[in-house]
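What follows is the residue order along each chain.
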Amino acid sequence: MKVRLLIITVLISFNAFAQDDYSLSPVEFSGYVKDVQTVFVPYGMEENWLSDNAIHNRLKLKYYYKDWLTFDIQARNRFIYGDFVKFFPDYAKYAQSSNYFLDMDYVWLNDSSAVGLSELDRLYFQLTKGDWEVTVGRQRINWGMNLVWNPNDIFNTFSYFDFEYEERPGTDAIRVKYYTSITGSAELVYKAGEEVDEMAFAGLYRFNAGSYDFQFLGGFMGKDLVLGTGYSGSIKGAAFRGELTYFKPRQIYDYTINKDGVVVSSVSADYTFSNTLYLHAGILYNSSGASGKAGQIQLLSNQELSPKMLSRGKFNLFAQTSFSITPLITANLSSIINPDDLSAFISPSITASLSDNFSTSLFGQFFMGSADTEYGHIGQIAYLRFKYSF
Amino acid sequence: MKLFKLSRTVLILGLSILLNPVLAQSEDATEIVRKSDQLMQGDSYISIMTMKIVRPSWDRTITFKSWGKGRDLALTYIQTPAADKGQTFLKRTNEMWTWNPKINRLIKLPPSMLAQGWMGSDYSNDDILKESSIVVDYHHKILKEVKYEGFDCWVIQMNPKEDAAVVWGKVISYIVKGKYFPLKVEYFNEDGDLVKTHLNSDVKQMDDREIPTKTIVQPADEPNKKTVVTIEKMDFNVNLQDKFFSQQNMKRIR
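Source: prediction; values computed, not measured. (Residues numbered from 1 in each chain as written. Chains lettered and ligands numbered in written order. Predicted model: local features only at pLDDT ≥ 70, side-chain atom pairs only at ≥ 80, totals over all residues.)

## Description of the overall build of chain A
Thought 1: Each helix and strand counted, chain A has four helices and 19 strands in total.
Thought 2: In terms of overall size, chain A behaves like a compact globule, its C-alpha atoms giving a radius of gyration of 22 Å where 390 residues would be expected to give roughly 21 Å.
Thought 3: Classification of the 390 residues of chain A by burial places 31% in the buried group.
Thought 4: Sequence-distant contacts in chain A: of pairs separated by 6 or more residues, those separated by 24 or more amount to 50%. (Helix = DSSP H or I, 4+ residues; strand = E, 2+ residues; numbered from the N terminus. Rg over C-alpha atoms; globule rule 2.2 N^0.38 Å. Buried ≥ 20, exposed ≤ 12 C-beta atoms within 10 Å, placed from the backbone. Contact = placed C-beta atoms within 7 Å.)

Here is the structure:
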């Protein structure tokens, strides 16, 4: 009701904001509805397909109240039913994002075979004055340079496998940013937590030199001190990006593993040919990763992701190619390989635009490898998605 | 503001006297192309355009708002389709960034990505970002004078200068006498084959000048495909500081 009142108030005052022919409405409302049908064929139980369906709605309201003040509220509403809901104990809890400081989610249906939940994953206001920008609330803080593995992304790590969560989770934080130049900035971020081990406080300095973007970051994240750097530029038309972060435990106890700290680094390159063929390759190094059999990734865990553990193995290789078959149909093939235990993840997908705002996609996620490897003995997953944006 | 408008009108009036075809009878080809370029772009501009990609069985429309200054600075904001709304592109000299509001992320785009057609259309990034200059990068010569679509036109041939990094082997432009807008522009590859034609029409008053507001981009070898670019609104020589084209602004502008 309150939101509705706000909208009405704003609509009435709309004309006062229309300064010239080019200005847009101070209130922007958008979102989408999508239906995702999932079929999971678990390893070793190939005859027991698990089928789930999720109806997923996103609502975004952005209010440009003044030149210097904007509000952003985004809600993620999901209704899920099927085998996973039936077999997974307390599925509603699993489906929620657990790593927020404030509770802003609501389970409105918790049945043995269906769950319905809503959460706010963006809720912030932003103040701007000259070169200064202050953002307070649940927001996404994106410090990554690479497109797949981001050791520098210490506030909002995301799982590459959770591709359905396009917007990725936010963080309850306060961010103060100063634009040092047209292509440079410095920022300080404090992430709220109930205790110090759940908080983070770090600074980032980014600048442009010799047609490269560079960045340096430092601070603490949970139990670790962090120091990192990243760059993004190009070589002969190809994008060339890299990130490196060093994590050192703040306090060392007898049981502390990796007492000397952990280095996580990734480098990637991509190139687009004039016929739309796109090639992308990258490598990830994790000093704390296993050099033998890495042990299976926890695909279904809702544990907080960490840039310290982007892989279980010491090395992971990534390769991707995509191509527009027609301007409306794009095919994509991505793969990740652990070269030490020879397990692999392969994901083909195809997306078709059905109209300006309506699209459909078919994704596969195939896991291969022997027992106790990073990607082995998981199973095969297929997703069929229909999406309407407004 | 009023004063500014007035003085600009005076300036345009002055210029139009200078440019009067009766007074200036023997213009050279480069001068014509320079005036044409200035007419279509000005020193700076703000515009809202739609681009419709047309194929025999389907079409898709993109609406975007753009700001530009000189050859080096440009900012574009995608208004529709809904799924891409809010995405911005910043171009500064040879570097380009895009900002994705969905995940709050700035990505530096490599040059190879610029070579692609703009969002799957026949309109290339070079067309949108004006990477090359028809004035600076080409030699110009008047081939002939013809009547085209009811207008007296100069037919001007442009050949790239030896050191210019341009994609075309030859460009032929039909520029209307006295009005300086092109009605038809043919682009040839290095072998001299026609690659695409821009057909301009719907001449309208935009801000202080009369220009064609519709461009049909027609690939030569695929007659059933085309891209239609329409200028919905455009103002020239607007007051834009260089600082307007910043990473800070690409996250705020709309």
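## Examining the overall build of chain B
Thought 1: Assigned secondary structure in chain B consists of five helices and 13 strands.
Thought 2: Across the 254 residues in chain B, those meeting the buried criterion constitute 30%.
Thought 3: Counting only contacts in chain B whose residues sit at least 6 apart along the sequence, the fraction spanning at least 24 positions is 43%.

## Quick look at the interface of chain A and chain B
By a widespread convention, an interface's size corresponds to the accessible area lost as its parts come together.
Thought 1: Contact with chain A, which involves 33 residues of that partner, is made by 33 residues of chain B.
Thought 2: Its residues assigned to classes, the side of chain A that touches chain B shows ten nonpolar, 16 polar and seven charged. (Nonpolar A, V, L, I, M, F, W, Y, C, P; charged D, E, K, R; others polar.)

## With respect to the environment of Ile231(B)
Residue and element names in this part refer to chain B.
Thought 1: Of note, Ile231 is situated in strand S13 (residues 226–236).
Thought 2: Residue Ile231 is classed as partly exposed on the basis of its C-beta count, with 19 C-beta atoms lying within 10 Å.
Thought 3: Measuring from C-alpha to C-alpha, the distance between Ile231 and Lys108 comes to 28 Å, with 123 residues separating the pair along the chain.
Thought 4: Apart from residues lying up to four places away in sequence, Ile231 is in contact with Ser47, Met49, Met206 and Thr213.

## Examining helix H2 (residues 29–41) of chain B
Three or four residues apart is the spacing at which side chains of an α-helix point the same way, because the helix has 3.6 residues per turn.
Residue and element names in this part refer to chain B.
Thought 1: A rise of 1.5 Å per residue sets the reference length of H2, with its 13 residues, at 18 Å; its end C-alpha atoms lie 18 Å apart and thus fit the reference within 8%.
Thought 2: Turning to H2, its buried residues number three or more, namely Val33, Ser36, Met40 and Gln41. Across the axial projection of H2, the buried residues extend over an arc of 110 degrees, all falling on one side.
Thought 3: Tucked inside the fold, the buried residues of H2 contact strand S1 (44–55), strand S7 (138–148), strand S8 (151–160), strand S9 (170–176), strand S10 (182–188) and strand S12 (209–219).
Thought 4: Once H2 finishes, Gly42 follows within two positions and takes phi at roughly 65 degrees, a positive value. (Expected span 1.5 Å × (residues − 1). Arc of directions from axis to C-beta.)

## A closer look at the pairing of strand S4 (residues 105–110) of chain A
All names here are of chain A.
Thought 1: Across five bridges, the pairing between S4 and strand S5 (residues 114–129) is antiparallel. Across the sheet, Val107 pairs through a bridge with Leu117, a residue of S5.
Thought 2: Here S4 hands over to S5 after three residues, the two strands then running antiparallel side by side. (Pairing = 2+ DSSP bridges.)

## Some words on the confidence of the model for chain B
All names here are of chain B.
Thought 1: Across chain B, the average pLDDT comes to 84, with 82% of residues at 70 or higher.
Thought 2: Per-element confidence in chain B is highest for S9, whose mean pLDDT is 96, and lowest for helix H1 (residues 2–18), whose mean pLDDT is 45.
Thought 3: Below a pLDDT of 50 lies the segment residues 1–26, which in the model reaches eight contacts outside its immediate sequence neighbourhood of four places, other chains included.
Thought 4: For this predicted complex, the interface confidence score (ipTM) comes to 0.87, while the overall pTM stands at 0.86. (pLDDT = per-residue confidence, 0-100.)

## Comments concerning the environment of Ile253(B)
Residues and elements named next belong to chain B.
Thought 1: Mapped onto the secondary structure, Ile253 falls in the segment after helix H5 (247–250).
Thought 2: The class of Ile253 is partly exposed, set by 17 C-beta atoms lying within 10 Å.
Thought 3: The spatial distance from the C-alpha of Ile253 to the C-alpha of Asp202 is 29 Å, given a sequence separation of 51 residues.
Thought 4: Beyond its immediate sequence surroundings of up to four residues, Ile253 is in contact with Leu75, Tyr77 and Thr88.

## A few points about the nonpolar core
Thought 1: Residues Trp143(A), Ile154(A), Phe155(A) and Ala202(A) are the most contacted members of the largest nonpolar core, which totals 18 residues.
Thought 2: When contributions to this core are tallied by element, the ones reaching two or more residues are strand S9 (200–209), strand S10 (212–221) and strand S13 (262–272) of chain A.
Thought 3: Per element, the largest residue contribution to this core is three residues, and it comes from S9(A).
Thought 4: Once you skip the residues sitting within four places of it in the chain, Ala202(A) turns out to touch Ile154(A), Val189(A), Leu217(A), Gly218(A), Gly219(A), Phe220(A), Met221(A) and Val226(A).
Thought 5: Within the second largest apolar cluster, 16 residues are counted, among which are Ile134(B), Tyr138(B), Val171(B) and Val176(B). (Core = buried A, V, L, I, M, F, W, Y, C linked by C-beta atoms within 7 Å.)

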